[in-house]
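Structural characterization, general
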Protein chains: 2
Amino acid sequence: MNDFEEKELIKQDIIESGNIKEYISVMQKMPTVEVAEILWELKEEELEEVLVLFTADQQGEIISDFDFETKYWLFQHMDRRIFAEMFEHMHSSDRADFYRELEKQEQLLLLPYLTKTIREDVIKLSTYESDTAGGIMSTDFATVLESMTCAQAIDKVRKDAPSKKMIYYIYVVDQQMKMQGFVTLKNLIISPPNQLVKDTLHKDYIYARVEEDQESVANKIQKYDLVAIPILNEYDQLAGIVTHDDAIEIIRAEATEDMEKFMGLTPGDEESDYLEDSVWTHYKRRIFWLISLAALSIFSGFIVHAYEDALAALIILVLYMPMMAATGGNTGSQAATVVITALSLGQITLKDWMKVVYKELRIGLMLGISLGCLTILKVYVLSSNADLPVMYNLFNVALVISLAMTVQVITATLIGSGLPILVKNLGGDPTVAASPAITTIVDITGLLIYFGMATLFFDLQ
Amino acid sequence: MNDFEEKELIKQDIIESGNIKEYISVMQKMPTVEVAEILWELKEEELEEVLVLFTADQQGEIISDFDFETKYWLFQHMDRRIFAEMFEHMHSSDRADFYRELEKQEQLLLLPYLTKTIREDVIKLSTYESDTAGGIMSTDFATVLESMTCAQAIDKVRKDAPSKKMIYYIYVVDQQMKMQGFVTLKNLIISPPNQLVKDTLHKDYIYARVEEDQESVANKIQKYDLVAIPILNEYDQLAGIVTHDDAIEIIRAEATEDMEKFMGLTPGDEESDYLEDSVWTHYKRRIFWLISLAALSIFSGFIVHAYEDALAALIILVLYMPMMAATGGNTGSQAATVVITALSLGQITLKDWMKVVYKELRIGLMLGISLGCLTILKVYVLSSNADLPVMYNLFNVALVISLAMTVQVITATLIGSGLPILVKNLGGDPTVAASPAITTIVDITGLLIYFGMATLFFDLQ
């Protein structure tokens, strides 16, 4: 058992003991993210009592990890002065998030208890949309002037440091907060003390704009391996920073959202949580696509309807309808997954569509032939005693069905891989070409192929 | 147009100009990740000529971003001494990755050109599995002794810094490299110069073991918002560090892999790239699940076979088979997606399975009733002129089919949500309960429900 597992056990012990207050001295030394997980288990009344046993810094970090409802309960039930003190010690972006969710009336109840600096910070940050760089950025950054020497800069950072979470990149601004560049703390440490900041400055820096989408900000942090990225407003002033840990969370959340969209779920609001969300919320996220696709599948009905007489004449065809649809759906969804992944990882771009089609054609051919062979086998197993009309033999039937299967697999591969590229080309999100949509489309084309080939070869109509 | 887009345009211009060497002075000032993207477009012979125009540091960073094949070409064609110089300037984990891929013979050709320190480092790192902490860690970390004062420590870091990429966390070790704790550069800067390192030391630190899975390492970095995590060997010696940028890459790769597995793709090797992978590689990743599921769908065949007489008697039933299967598959896949996502985000654990089942039962009921109503409508649209046997009327038929649809949707919701939990409970990866697998299972149960209810109400057999 390693130390980490041991920690998890201690946490379990504390939670199960039912008397969390006894462990307060242990918890005061734990990382706040662990403490938040433990306190999460408490009733809100108890939570209020336990919270005050931590330092103001710890309190701020702990409640940063809570969801809005819990914070809101505390806001309503605690002494407002004590709540405001905790609130001031939260991360600046979490502070703004909470403030943004409050009603106008409630915001006014909180503001008078805040110091002037924090009041201004909260009001400013809360004006940005929550999924933009402005909405996620923090204002805990350190700045120096380019006219300082490295020694003076270190000295300023040292004085500012206790209140700043991130001092590894130090931003160089002019008197109007216009961004000039940045130095790393490493640069400052290595440089001769008398060297001027402007001589060690990185002027070619990566940045994002306040209105930029959060995903784009996260991608820049990833691409350039940054610890933090500066966020500039329209006047090129340094408005905030977004740090590497925010980037991880954004990337994880976006990956989840992509998968959900791809599986035909309507994206929920950002705070969605399986157990907390109501049945109605879950229902709403799922019903749209289900109803749309079920409505779309009326076309399958029409096709089968059109070939009813053919089916009545050769009832064996019904046997292989489910397999034809299922295999088509699986093939199409696989192809779509591969292409969407490659698109989102930047392995292919829209220019490559010819290459993709050619490649998928060859892959589809190989898959189609393999599954065609399997189908012949299957017809012999399942229908060897079938009661066929006198003019057909089992071999003919098996051959036609397996040929239809091969064509269905090739078509499904091309549709599954082509649709996401087409959607992206039209400016849409390729995950709209969701797996259920592809499955339903391929069901329809599959039935056309199947009955089309059957009537062609068997002269049924 | 912002600065970032401008940069992309410059890159495009350089690539399209066809004469990259002309732009060398521009490129020398660009971030190396951009330069790597530009040089990527060159033929390998040209690449060799252009590379040497950068500093050794830049060369190391640029080739770190190349794929194995390109590095290997350089290794084989460049003057070995020049290659070794670049190799020494690569990130230590990338160095080890490349070395690990070489044949024994080739490794021996490279080693003599390396300095002793780097030779030892490469040999040590390359012994770890590539998907463990040991396989991804870097050895570019700074250490101090706990007996030093903060001023002495800063002085040591300053001297070591040029060769160390990550000096924001400084690790405190004893003479045997046994980990004692860490200090941040921020701590050192803030503390009085004469304070001893051991008095500002964080002894309760998060770490990982060399053999630990890379996903677990990335999760710790995310959970505790770390810039880097120390990696310890079995003797508690500090063996390396894994940094935040590695964590982002791991999390992104794992999310992709989860989605691929969920869509029934066999995971490829880590270096898979859509255009570079051969048709045969793509075929191999897809065929396993397609063949297995097509084989499994023989059961659908058996069921239809068993009810062939019923179908012949009431051919209208065939019309609604595709819709029954498709809607069941979509509902099941949605439920599975929601549950797998909630499991992987830690929103639900195995203990919650009762709550999940109860919730999905209610969601399934609501979805089932909605889709049941739609089905009645659909039967009236599609079959209003149907030629029914004399003992049934359209209303009876519509009612039975829509009831079957409701039951199918509820069953599919329960199967889709239950299967991932069951698989996880048995110790497996919940994404094994892949969407295509659920679709195929729900096809089978759907046909049973459909024909079961039809024969029950219509007394067909």
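Residues numbered from 1 in each chain as written. Chains lettered and ligands numbered in written order. Predicted model: local features only at pLDDT ≥ 70, side-chain atom pairs only at ≥ 80, totals over all residues. Heavy atoms only, no water.

**Observations regarding the pairing of strand S6 (residues 238-243) of chain B**
All names here are of chain B. Summarising burial for S6: six of the six residues are buried, a large majority. Both strand S5 (residues 228-232) and S6 contribute to a ladder of five bridges, which runs antiparallel. In the sheet register, leucine 232 faces S6, and the bridge partner there is leucine 238. From the end of S5 to the start of S6, which pair antiparallel, there are five residues, and aspartate 236 there has a positive phi angle of about 65 degrees. (Buried < 20%, exposed > 50% of the residue type's maximum accessible area, 1.4 Å probe, protein only. Helix = DSSP H or I, 4+ residues; strand = E, 2+ residues; numbered from the N terminus. Pairing = 2+ DSSP bridges.)

**Some thoughts on the interface of chain A and chain B**
Put simply, an interface is often sized by how much accessible area is lost when its parts join up. Facing the 125 residues of chain A at the interface are 125 residues of chain B. Summed over both sides, the interface between chain A and chain B buries roughly 11300 Å², with carbon and sulfur atoms accounting for 69% of that surface. Between the two partners, chain A and chain B, sit six salt bridges. If you look at where chain A meets chain B, you find 31 residue pairs in polar contact (both at pLDDT 80 or more). Classifying every residue of the side of chain A that touches chain B gives 67 nonpolar, 26 polar and 32 charged. (Contact = heavy atoms within 4.5 Å. Buried area = accessible area lost by both parts, 1.4 Å probe. Salt bridge = Lys/Arg side-chain N within 4 Å of Asp/Glu carboxyl O. Polar contact = N/O pair within 3.5 Å; in protein donor to acceptor, adjacent residues only side chain to side chain. Nonpolar A, V, L, I, M, F, W, Y, C, P; charged D, E, K, R; others polar.)

**So, the domain arrangement of chain A**
For chain A, the assigned domains read domain 1 (3-127), domain 2 (136-250) and domain 3 (297-458). A straight line from the C-alpha centre of domain 1 of chain A to that of domain 3 of chain A covers 55 Å. (Domains from an automatic or database assignment.)

**Remarks on the sheet that holds strand S4 (residues 208-209) of chain A**
Residues and elements named next belong to chain A. The sheet built from three strands is open, its strands ordered S4-S5-S6 with mixed pairing. Edge positions in the open sheet fall to S4 and strand S6 (238-243), since each of these has one partner strand only. Pairing of S4 with strand S5 (residues 228-232), which is carried by two bridges, proceeds in the parallel orientation. By the bridge assignment, arginine 209 is partnered in S5 with leucine 232.

**A word on the environment of tyrosine 168 of chain B**
Secondary-structure assignment places tyrosine 168 of chain B in strand S2 (residues 166-173). With 57 residues separating them along the chain, tyrosine 168 of chain B and aspartate 225 of chain B place their C-alpha atoms 14 Å apart.

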